[in-house]
Amino acid sequence: MAEAIFSSVVLLISTSPIIILGMVQYRSKDPVGFWAGKKPPRKEEITDVRAYNRKHGLMWILYGAGLIVCYVCGMPFGGLVGAYLCMAEVFGGFLGMIAYHNRLNRLYFKSGESCRR
């Protein structure tokens, strides 16, 4: 029982910043970035800033929620299964997020601008 409580607290502490980041990006007025250390695009480079930000924010919110769902689904089978499901979500989800970010760049960057990113 103590193991489940401890791992649940760790999971909530770990996923809270991810979900909060998604909410902040979802509501942002300026274009948001994806990569740490790389400046986000300028407003002039994006065709629809609001849609671009909302899709990026939703991506992060779903990533955090996916971690919680994987954990909850794996716990009835044991903590190790829950951990493996979360690890699969971390790696697979992040690869999916990279692909989706690149797709959003192709969709929302003005023509000729996406080559620079």
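So, here is what we can say about the structure in this document. Everything quoted here is computed from the prediction, not taken from an experiment.

Definitions and cut-offs
Residues numbered from 1 in each chain as written. Predicted model: local features only at pLDDT ≥ 70, side-chain atom pairs only at ≥ 80, totals over all residues. Heavy atoms only, no water. Helix = DSSP H or I, 4+ residues; strand = E, 2+ residues; numbered from the N terminus. Buried < 20%, exposed > 50% of the residue type's maximum accessible area, 1.4 Å probe, protein only. Contact = heavy atoms within 4.5 Å. Areas by Shrake-Rupley, 256 points an atom, 1.4 Å probe, with all protein chains shown as cover. Phe/Tyr/Trp six-rings, centres within 6.5 Å; stacked < 30°, edge-to-face > 60°. Expected span 1.5 Å × (residues − 1). Bend = angle between axes of the 7 residues up to and from the residue.

## Here we look at the overall build of the protein chain
Thinking step 1. Per the secondary structure count, the protein chain includes three helices and zero strands.
Thinking step 2. Dimensions of the protein chain, computed from C-alpha atoms along their principal axes, come out at roughly 55 × 20 × 20 Å.
Thinking step 3. Taking all 117 residues of the protein chain together, 31% fall into the buried category.
Thinking step 4. If you take every contact in the protein chain between residues at least 6 apart in sequence, the share linking residues at least 24 apart comes to 70%.
Thinking step 5. As presented, the protein chain carries roughly 7500 Å² of accessible surface, and 68% of it is formed by carbon and sulfur atoms.

## Looking at the packing of aromatic side chains
Thinking step 1. As enumerated under the stated definition, the model contains seven aromatic pairs in all.
Thinking step 2. Seen from their ring centres, Phe 34 and Trp 60 are 5.8 Å apart, and the 35 degrees between their planes marks the pair as tilted. On the criterion of sequence distance, the pair formed by Phe 34 in the loop between helix H1 (2–27) and helix H2 (49–74) and Trp 60 in helix H2 is long-range, its members being 26 residues apart. Exposure class is identical for Phe 34 and Trp 60. Each is buried.
Thinking step 3. Look at Trp 60 and Tyr 63: their rings are 6.1 Å apart centre to centre, the planes differ by 85 degrees, and that puts the pair in the edge-to-face class. Here Trp 60 and its partner Tyr 63 are both found in helix H2, three residues apart, which amounts to about one turn of the helix.

## Brief notes about H1
One turn of the α-helix equals 3.6 residues, which is why residues spaced by three or four share an orientation.
Thinking step 1. Here H1 contains 26 residues, and its C-alpha end-to-end distance of 37 Å stays within 8% of the 38 Å for a straight helix at 1.5 Å per residue.
Thinking step 2. Of all the bends in H1, the largest measures some 30 degrees and sits at Thr 15, one to four residues before the proline Pro 17.
Thinking step 3. Of the positions making up H1, those classed as buried are Leu 11, Thr 15, Ile 18, Gly 22 and Gln 25.
Thinking step 4. In this structure, the buried side of H1 is in contact with H2.

## Remarks on the environment of Val 81
Thinking step 1. Summarising the element assignment, Val 81 is placed in helix H3 (residues 79–108).
Thinking step 2. Owing to a relative accessible area of 34%, Val 81 belongs among the partly exposed residues under this scheme.
Thinking step 3. For Val 81 and Cys 70, which are eleven residues apart along the polypeptide, the C-alpha to C-alpha distance reads 9.3 Å.

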